[in-house]
Amino acid sequence: MSWHEVSTFNPTTLNNLLMSEFSLAYAELYLTIAKVFRQFELELFETSIDDIKMAHDFFTPVPRLDSKGVRVRVVGEVKE
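1. Re unusual backbone geometry
Thinking step 1. Even without being glycine, E46 reaches a positive phi, approximately 50°.
Thinking step 2. One can find E46 in the loop between β1 (40-44) and β2 (56-58).

2. Thoughts on the packing of aromatic side chains
Thinking step 1. Within the structure shown, the criterion is met by one aromatic pair.
Thinking step 2. With a centroid separation of 6.3 Å and 25° between ring planes, the pair formed by Y26 and Y30 is classed as stacked. Of this pair, Y26 and Y30 are both found in helix α1 (residues 11-39), four residues apart, which corresponds to roughly one turn of the helix.

3. Considering the side chain of T47
Thinking step 1. Note that T47 resides in the loop between β1 and β2.
Thinking step 2. A polar side-chain atom of T47 sits 3.0 Å from the main-chain carbonyl oxygen of F45.
Thinking step 3. A distance of 3.2 Å separates a polar side-chain atom of T47 from the backbone nitrogen of R71.
Thinking step 4. Setting aside residues up to four positions removed in sequence, T47 forms contacts with G69, V70 and R71.

Cut-off values and rules
- Residues numbered from 1 in each chain as written.
- Predicted model: local features only at pLDDT ≥ 70, side-chain atom pairs only at ≥ 80, totals over all residues.
- Heavy atoms only, no water.
- Helix = DSSP H or I, 4+ residues; strand = E, 2+ residues; numbered from the N terminus.
- Phe/Tyr/Trp six-rings, centres within 6.5 Å; stacked < 30°, edge-to-face > 60°.
- Polar contact = N/O pair within 3.5 Å; in protein donor to acceptor, adjacent residues only side chain to side chain.
- Contact = heavy atoms within 4.5 Å.

Spelled out as structure tokens, the structure:
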């Protein structure tokens, strides 16, 4: 049997499978983040406008290099 007779390898099938798995992973992340924002009261913690403003352009906008990013603190739980 030569390599061109083998029909089991189909790269487009693998690509479709991976794309559906990525879609499911993103959906799970969105649901988890939504749950956190709905269930808890959050406030910014040691975050200033300089932690958000673009300071460098490394193909994507990046804040200053010594920034710790946007940090939040849980201050309470939302009672429904």
